[in-house]
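# Architecture and fold: a report
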Amino acid sequence: MKLTIDNPILYHILKILANSNMPLGAKSISEKLEERGFQVKKETVQYYLKLLDELGLTKKVGLAGRVISEKGLEEVKKGMVRERIGSFIELREEYAYNANFDPFKRKGLVSLNIGIIRKKDLEISLELIKACMDAKLAVSRLVKIYEREAGNLKIPKGKVGIGLVSTSVVDAALIGSRISSFPTFAGILQYSDWKPLRFVHAISYYGSTLDPIDLFIRSGFCSVKDAVERGSGNVPADVREIPLVLRKRAVEIVEQLEKIGINGAVYISGAENDALGIPVNNYRAGVVVIAGSTPLVYLKEKGIDVEIKILAAFERIENLEEIDSLT
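Attention here is on the structure that accompanies the text.

The rules we used
- Residues numbered from 1 in each chain as written.
- Predicted model: local features only at pLDDT ≥ 70, side-chain atom pairs only at ≥ 80, totals over all residues.
- Heavy atoms only, no water.
- Phe/Tyr/Trp six-rings, centres within 6.5 Å; stacked < 30°, edge-to-face > 60°.
- Buried < 20%, exposed > 50% of the residue type's maximum accessible area, 1.4 Å probe, protein only.
- Helix = DSSP H or I, 4+ residues; strand = E, 2+ residues; numbered from the N terminus.
- Pairing = 2+ DSSP bridges.
- Core = buried A, V, L, I, M, F, W, Y, C linked by side-chain atoms within 4.5 Å.
- Contact = heavy atoms within 4.5 Å.
- Axes fitted to C-alpha atoms, helices over the stretch in contact; angles between N-to-C directions.
- Salt bridge = Lys/Arg side-chain N within 4 Å of Asp/Glu carboxyl O.
- Expected span 1.5 Å × (residues − 1).
- Arc of directions from axis to C-beta.
- 1 Å grid on protein atoms, 1.4 Å probe; cavity = no way out; pocket = protein on both sides within 12 Å on 5 of 7 lines; lining within 4 Å.
- Points joined across faces, edges and corners; volume = space filled by probe spheres on them.
- Nonpolar A, V, L, I, M, F, W, Y, C, P; charged D, E, K, R; others polar.

It is worth spelling out the packing of aromatic side chains at this point. Per the stated rule, a full pass over the model turns up two aromatic pairs. Between Y47 and Y48, the aromatic rings sit 5.8 Å apart at their centres with planes inclined by 50°, giving tilted as the arrangement. On the accessibility criterion, Y47 (52% relative accessible area) is exposed. By relative accessible area, Y48 is classed as buried at 16%. With a centroid separation of 6.4 Å and an interplanar angle of 45°, the aromatic rings of F216 and F221 are classed as tilted.

This is the structure in structure tokens:
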């Protein structure tokens, strides 16, 4: 028999039992399945429960009903990983589609990455972020300072949050111009002589349960400090694919973004099926964008104690401030 996680009804029965603090009977489980969108009769649930008993995944407790076994809990954990595969890419798409930023009107919602630092480090942090922006290693020169909360994110006492525009602003601008944008890879982009050269590491967004950019930041593979101060180093970046037939329109959108100070997109591939070393599917173009958290990585490399929160909040771009006005 296939793994239980390959059968959605069996798997959800196990999840229901795993979340219950008491034994459940077939009738109760049938009702809870219905809440999850499954129409399963009590008699069918009884059959499934007997099957789960035989597999050692559930145990009968007298007349009270069933409880999940240790083996059943392990099966649920396996299924949770499967459910989470690709979950971050779904989050990326959610933020891109919920943002309604219009680059031609310079209005609308954008998503932010937030760096939480000590208040006493705010002045030096803004100066370092500005240096990163001056080196064109940031999505935008716009920032937002948060003292108490940013969306649902609470700022601890004695600390502040620095909000930076995330890469999804590029996706939002493309989507707003009817250009479908699908993130494919995240990686480490090598810079040489102040220009992007090639990706030296990459992880596919599809199939990842975690944010690949965050993994690369924690791995120590980045050398943003070298890129900012010497023009040669490794920065976090990612790639999204768009229809090749809409490449010319995408270039126009990116040029408009640059006019209003959003410089995150550093490369758009053509028909060569390669975006700075990252494979691109046939009839698609790859758009390479520097990670919005890059300036926060620079803070970390310069010894600032910073907690990086990726895709942490939405903010209207009109409410953001130019970094130059704060330093």
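Another aspect to go through is unusual backbone geometry. One non-glycine residue, R106, adopts positive backbone phi at about 55°. For R106, the position within the fold is in the loop between α5 (87–98) and β3 (109–118). One non-glycine residue, W194, lies in the positive phi region at around 70°. Tracing the chain through its elements places W194 in the loop between β8 (182–192) and β9 (195–204).

Below, the discussion takes up the pairing of β9. The side chains of a regular strand alternate between both faces of the sheet. Across eight bridges, β8 lies against β9 in antiparallel orientation. Paired with Q190 across the bridge in β9 is R198. The hairpin turn running from β8 into β9, its antiparallel successor, is two residues long, and D193 in that turn takes a positive phi close to 55°.

In this structure, L137, L189, F199, V224 and L299 are the most contacted members of the largest nonpolar core, which totals 44 residues. Where this core is concerned, the elements lending two or more residues are α6 (122–134), β7 (159–165), β8, α8 (212–219), α9 (224–230), β10 (233–243), β14 (284–290) and α11 (294–301). Ranked by the residues each element gives to this core, the list is headed by α6, at five residues. Counting 32 residues, the second largest nonpolar core, distinct from the first, contains V110, I114, A173 and A250.

Let's shift gears to the sheet that holds strand β15 (residues 307–316). If you walk across this open sheet you meet the five strands as β15-β3-β7-β4-β16, and the pairing is antiparallel. Edge positions in the sheet fall to β15 and β16 (321–322), since each of these pairs with one other strand and no more. Where strand β4 (residues 142–146) meets β16, two bridges bridge the pair, whose relative direction is antiparallel. In the strand pairing of β16, L142 is matched with E322. Those strands touched by α6 are β3, β4 and β7, and its axis lies near 15° from that of β7.

The next point concerns the pattern of salt bridges. Following the criterion strictly, the structure yields 18 salt bridges and no others. Of the charged contacts in the structure, one is a salt bridge between K130 and D134, with a shortest N-O distance of 3.1 Å. Here K130 pairs with D134, and both are found in helix α6, just four residues apart, close to one helical turn. You can call K130 partly exposed: its relative accessible area is 22%. Owing to a relative accessible area of 44%, D134 belongs among the partly exposed residues under this scheme. Linked through salt bridges whose partners overlap, the residues forming this network are K130, D134, R141 and D324.

Right, let's get into helix α3 (residues 42–54). The terminal C-alpha atoms of α3, which comprises 13 residues, lie 19 Å apart, in line with the 18 Å expected from a rise of 1.5 Å per residue. Every buried residue belonging to α3 is among V45, Y48, L49, L51 and L52, and all of these are buried. For α3, the angular spread of the buried residues around the axis is 160°, confining them to a single face. The exposed residues of α3 that point more than 90 degrees off its buried face are E43, Y47, K50 and E54. Of the surrounding elements, those touching the buried residues of α3 are α1 (8–18), α2 (26–35), β1 (58–61) and β2 (65–68).

Our focus in this paragraph is empty space enclosed by the protein. Tallying each qualifying case throughout the model produces three cavities of 30 Å³ or more. Of the volumes computed, that of the largest cavity is approximately 110 Å³. Listed by contribution, the elements that provide at least two residues to the lining of the largest cavity are α5 and β15. Here the residues of the lining of the largest cavity sort into six nonpolar, five polar and three charged. Computed from the structure, the second largest cavity encloses a volume of approximately 40 Å³. Forming the walls of the second largest cavity are R92, E93, A96, Y97, D171, I175, S181 and P183. Residue assignment for the lining of the second largest cavity shows that the elements contributing at least two residues are α5 and α7 (168–176). Ranked by the residues each element gives to the lining of the second largest cavity, the list is headed by α5, at four residues. Of the residues belonging to the lining of the second largest cavity, the class tally is four nonpolar, one polar and three charged.

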